[in-house]
Amino acid sequence: MEKFTSNADDVVAPSPAQGNALRSNSQKVIYAAIVANLGIATAKFIVAGITGSASMVAEGIHSAVDTGNEFLLLLGERRSTRAPDRKHPFGYGKSMYFWALIVALSVFSLGGGLSIYHGVAALQDPPPLEDPFWNYVVLGVAALFEGYSWNLSRKALNATRAPGMTLWQAVRASKDASVFTVFIEDSAALLGIAVAAAGIALGHYFNNPYFDPAASILIGLLLIGAAFTLARETGGLLVGESIDREQLAALRELFGREPALDSVASLRTMQMGPEDVLLAASVQFRRGMRIDEVEQAIARLEAAIAAEYPVIRHVYFEASALRAALH
């Protein structure tokens, strides 16, 4: 369909300072997760080698996979900030969503799959019970590091959370894949630590070596659940998710305040990146307007959008609406 495009890229784009602050906040969350997971993975594998704990091996795999995933998120962050070019005129914002989806596949296949495989193998030939002291020490330290990383991602989500919105609703509404991916990974990590500790404790309490490998399988299933959650959230953004209903309703009200418009047929939006939205407006201008009046109305709409929705960087109007106004 034929469209008319305004110069909204120049008018409503967030300032460089705003963009840099948002990227800095996301990268801070990722770097904290890398440091935490790298140290935790090393400690878990060392203790797993000493004690033979299957759940500690699963936890080590989990932390190692998470470390690699954070590097993938950093890659996505950097690629998403590349300037638009001829082949990608709308920029590279969706690169972040692509790499976040790869992270989800990694959590599913490497994290969940290997943990379940190792747990099943250990069930067939469970290792003898060893002194669990160092298991508890490492799990306790891991909980502290993971909790710190989780809290950073929680704060980043809270910064964009609307009043009355739960933390999970903030995750679902977030368009910053790096932040909500780290949050979901760290949430799964904290639950995994609790499962591993419970498996080790129950195994020693009942003097039964099968609890520990069973915990490894449960950790794998937990990671698969986290992977499906990540895939659902990032997949929706990758294929072109709209802004939420409340924002869309408020945007329609903004257009409704413009006196040069007779009606607003539809407003369609697409998330192009964490702070980059495309808007296609199907509106009806009043008949008989001069071209300069239409231009002034468009300029007023652009200014209003810039003030209230700075993430909307691209605005398009249907040419059929403009032709009708000029006849």
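In this report, the structure presented in the accompanying data block is examined. Along each chain, the written sequence defines residue order, and numbers are assigned to residues from 1. With pLDDT at 70 or above as the cut-off, local features in this predicted model cover only qualifying residues; side-chain atom pairs require 80 or more to be listed or tallied, and sums for whole chains, interfaces and linings still use all residues. Only heavy atoms go into the side-chain values, all of them from the structure, while hydrogens and water stay out.

**A word on the side chain of H62**
What counts is decided by this rule: Put simply, DSSP H or I for four residues or longer makes a helix, DSSP E for two residues or longer makes a strand, and each gets a number counted from the N terminus. Here, residues are in contact when the closest pair of their heavy atoms is within 4.5 Å.
Along the chain, the position of H62 falls in helix α3 (residues 54-80). For H62, the contacting residues outside a window of four places in its chain are E185, A188, A189 and L223.

**Here we look at the pattern of salt bridges**
The line we're drawing: By salt bridge we mean one thing: a side-chain nitrogen of Lys or Arg within 4 Å of a carboxyl oxygen of Asp or Glu. Think of it in three bands: residues with accessible area under 20% of the maximum for their type are buried, residues over 50% are exposed, and the middle band is partly exposed, with areas taken using a 1.4 Å probe on protein chains only.
In the structure shown here, the tally under the stated rule is eight salt bridges. One salt bridge in this structure joins E59 and K44, with 2.8 Å as the shortest N-O distance. Placement of E59 in helix α3 and of K44 in helix α2 (residues 16-51) is noted, with a sequence separation of 15 residues between them. Residue classification places K44 among the buried positions, given a relative accessible area of 1%. For the salt bridge of R257 with E308, the shortest nitrogen-to-oxygen distance reads 3.0 Å. Taken together, the residues span a long stretch of sequence, with R257 in the loop between α9 (245-256) and β2 (261-273) and E308 in helix α10 (residues 291-308) at a distance of 51 residues. Connected via shared salt-bridge partners are R172, R232 and E233.

**Considerations on unusual backbone geometry**
Not every positive phi belongs to a glycine, and N207 is a case in point at roughly 55°. Inspection of the secondary structure puts N207 in the loop between α7 (177-205) and α8 (211-239). For N207, a relative accessible area of 61% puts it in the exposed group.

**Here's the deal with the nonpolar core**
Heads up, the rule is: To define a nonpolar core, start from buried Ala, Val, Leu, Ile, Met, Phe, Trp, Tyr and Cys residues and group those joined through side-chain atoms within 4.5 Å.
M56, L73, L157, F180 and I184 are the most contacted members of the largest nonpolar core, which has 46 residues in total. Sorting the residues of this core by element identifies α2, α3, α4 (95-124), α5 (133-158), α6 (167-173), α7 and α8 as the ones contributing at least two each. Looking at this core, the element that brings in the most residues is α7, giving ten residues. Non-local contacts of L157, meaning those with residues more than four positions away in its chain, are made with L167, A170, V171, S174, V179, F180 and F183. Listed in part, the 23 residues of the second largest apolar core include L261, L301, Y309 and F317.

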